[in-house]
Amino acid sequence: MTLSHAISMTEACSRDWDVVVIGAGPAGTVAARQLALQKRRVLLIERKAFPRYKVCGCCLNQRAISALQEIGLGDLLEETNAVPLNSFEMRFSGRAATIPLPGGVALSRAVFDERLVEAAVDAGVFFLPETTATLQNCTEQDQTRQIKLAQQGQPSGTVTAKIVLAADGLGHPSLQHCEAFESTVSENSRMGVGASLAIDNLSDYPTGVIHMAIHQSGYVGLVRVEDGRVNLAAAIDGDFIKQSGSPATAVLAILKASGFPTFSEITEGSFKGTIPFTRKTIRPVGKRVFVLGDAAGYLEPFTGEGMANAIADAVAVAALVPQGLSQWDQSLEQTWLKKHHEITDGRLYWCRWLAQLLRLPVAVGIGLRLFHLCPAVARPIVARLNH
């Protein structure tokens with residue numbers, strides 16, 4: 001990935017920054033871009049090399065698409081050949097139901113995130129990949145925050161910023177030394193596993209459809225992305241993975257039990273996993289630090305709300321940062337808590353409701369039968385999630 005605003009760690013450490021953003025997923029990158037458009041000095045740090053694979057369903061609902069259009073990135077999806085989605089197929093114990101979708105696209109995270117970084121760089125963001133960033137503690141009197149940087153085979157360094165945005169995903173490792181940003185993890189949280197697979201048989205998993213295999217121990221989602229590959233993302237109970245012997249075996253068991261075709265392309269080496277992901281950061285703001293996107297909290301991804309929430313979080317925090325650059329105070333922290341709650345918690349009611357419903361086999365069976373006989377019943381739910 002060749003970027004004109006890429007920067008070395010040595011050079012990054014020699015400059016003072018208005019904002020350092022940790023994590024180049026949608027939340028961090030969109031926030032960085034919005035701030036650069038305000039002529040702020042922004043450094044975006046990413047632990048991985050780009051492009052990189054992410055365990056993610058790769059689907060953007062209409063709410064996410066509208067958010068991209070509102071900030072001038074609507075053309076990104078067409079330019080990357082994002083796949084329009086027209087229906088959502090669910091199967092459970094041999095029963096099936098298909099629900100029309102009012103919008104949405106499928107696009108691999110490798111392509112989506114890279115294009116977002118390119119857009120941020122074009123706006124003036126400086127990008128530092130393959131670098132681990134760790135926030136250091138500060139006192140109430142400090143007017144800046146320090147971030148320790150590390151690269152493989154290189155001496156560590158430190159950068160200074162007036163404000164830090166932590167958007168580095170589940171567990172937010174950048175905040176590991178700061179107790180104020182502790183997370184709570186749900187006792188029944190599932191594990192995320194994912195893979196990108198070359199499945200040539202289009203009749204099994206046609207383009208334009210989100211395929212969802214539902215099981216009492218989890219679910220597996222499959223969708224074709226822009227290069228024709230099938231992106232597989234699953235949320236599975238940890239105990240079921242252990243009993244199955246591996247993520248691959250657990251995925252195959254769920255597909256088979258639900259009535260979906262299985263395929264030989266699933267192998268042990270295909271999968272990447274996550275830590276338990278149903279979690280929430282107790283207070284996603286602190287002295288000169290905003291926590292956003294998955295780093296602030298995450299629920300089971302069945303509804304596809306994660307990407308939309310990430311973009312909305314990014315736009316909202318970028319509007320608050322100028323005030324924090326001028327003068328940080330408790331009222332700003334309260335404003336962010338309220339705004340973040342409006343973006344995520346109100347909508348998470350629906351996500352929690354659906355997530356709990358999916359754990360009840362009888363309810364799933366009744367729901368699929370109802371959706372199959374009368375698809376219109378599902379329309380208010382789909383419309384609510386896409387609004």
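Remember, predicted model here, so these are calculated numbers, not experimental data. Within each chain, residues carry numbers counting from 1 in the order of the written sequence. Local features are withheld for residues below a pLDDT of 70 in this predicted model, meaning they are given only at 70 or higher, and side-chain atom pairs are given and counted only at 80 or more; totals for whole chains, interfaces and linings count all residues. Heavy atoms from the whole structure form the basis of all side-chain values; hydrogens and water molecules are not counted.

Engineer: So what's going on with the overall build of the chain? Residues and values would help.
Structural biologist: Helix and strand counts for the chain come out as 11 helices and 21 strands. Looking at the chain residue by residue over its 387 residues, the buried ones come to 53%. Note on contacts: a residue pair is in contact if any heavy atoms of the two residues lie within 4.5 Å. Here the analysis covers contacts within the chain between residues at least 6 apart in sequence; of these, 72% occur between residues at least 24 apart. Helix and strand labels come from DSSP, where a helix needs a run of H or I of at least four residues and a strand needs a run of E of at least two; each type is numbered from the N terminus. Relative accessibility decides the category of a residue: with a 1.4 Å probe and only protein chains considered, values under 20% of the type maximum give buried, values over 50% give exposed, and everything between is partly exposed.

Engineer: How would you explain the pairing of strand S10 (residues 145-150) if you had to name every residue and give the values?
Structural biologist: Residues Arg145, Ile147 and Leu149 of S10 are buried on one face, while the alternating residues Gln146, Lys148 and Ala150, pointing to the opposite face, are not. Pairs of strands are assigned from DSSP output, requiring at least two bridges between the strands. As paired elements, strand S9 (residues 132-135) and S10 share 4 bridges and run antiparallel to each other. Its bridge partner lying in S10, threonine 132 is registered against alanine 150. In terms of strand pairing, S10 meets strand S11 (residues 157-166) through 5 bridges, oriented antiparallel. Bridge pairing links glutamine 146 to threonine 160 in S11.

Engineer: A description of a positive patch on the surface should follow, citing residues and the corresponding values.
Structural biologist: Taken together, the side chains of Arg47, Lys48, Lys54 and Lys272 make up a positively charged region of the molecular surface. Judged by its relative accessible area of 48%, lysine 272 falls in the partly exposed class. The patches described consist of residues with a relative accessible area above 30% and no salt bridge, like charges being joined within 9 Å and nonpolar side chains (Val, Leu, Ile, Met, Phe, Trp, Tyr) within 5 Å. Computed by Shrake-Rupley with a 1.4 Å probe, the accessible areas treat only the displayed protein chains as cover when residues are assessed. Here a salt bridge means any side-chain nitrogen of Lys or Arg lying within 4 Å of a carboxyl oxygen belonging to Asp or Glu. For the purpose of charge, His is not counted, nor are the chain termini; Lys and Arg are scored as positive and Asp and Glu as negative. In plain terms, the charge of a residue is placed at NZ if it is Lys, CZ if Arg, CG if Asp and CD if Glu.

Engineer: I'd love a proper account of the state of the cysteines, names of residues and values included.
Structural biologist: As used in these notes, a disulfide is a covalent bond between sulfur atoms, one from each of two cysteines. When the sulfur atoms of two cysteines come within 2.5 Å, that pair is taken as a disulfide. According to the stated counting rule, one finds 0 disulfides in the structure shown. You can see cysteine 58 has no disulfide; the closest cysteine sulfur is in cysteine 56, sitting 5.1 Å from it. Looking at cysteine 58, the relative accessible area reads 1%, which means it is buried. Left without a disulfide partner, cysteine 59 is nearest to the cysteine sulfur of cysteine 58, which lies 7.0 Å away.

Engineer: Describe the pairing of strand S1 (residues 16-22), listing the residues and the values that go with them.
Structural biologist: With 6 of its 7 residues buried, S1 lies for the most part within the structure. When S1 meets S11, the two strands line up parallel, connected through 6 bridges. The residue bridging aspartate 16 from the neighbouring strand is threonine 160, located in S11. As paired strands, S1 and strand S2 (residues 42-45) are joined by 4 bridges and run parallel to one another. Bridge pairing in S2 places valine 19 opposite valine 42. Seen with its strands pointing away from the viewer, a crossover is right-handed when the path leading from the first strand over the helix to the second is clockwise. On the question of chirality, the crossover connecting S1 to the parallel S2 by way of helix H2 (residues 26-36) is right-handed.

Engineer: I'd like to hear about unusual backbone geometry, residue by residue, with values.
Structural biologist: Phi is mostly negative for residues that are not glycine, and the peptide bonds are mostly trans. In this structure, proline 51 follows phenylalanine 50 across a cis peptide bond, with omega equal to -5°. Within the fold, proline 51 resides in the loop between S2 and strand S3 (59-60). Phi angles above zero are rare outside glycine, and serine 93 is one such case at about 50°. Examined against the element boundaries, serine 93 turns out to sit in the loop between strand S5 (87-92) and strand S6 (95-100). Positive phi outside glycine occurs at arginine 288, with the angle close to 60°. Taking relative accessible area as the criterion, arginine 288 reaches 5% and is therefore assigned buried.

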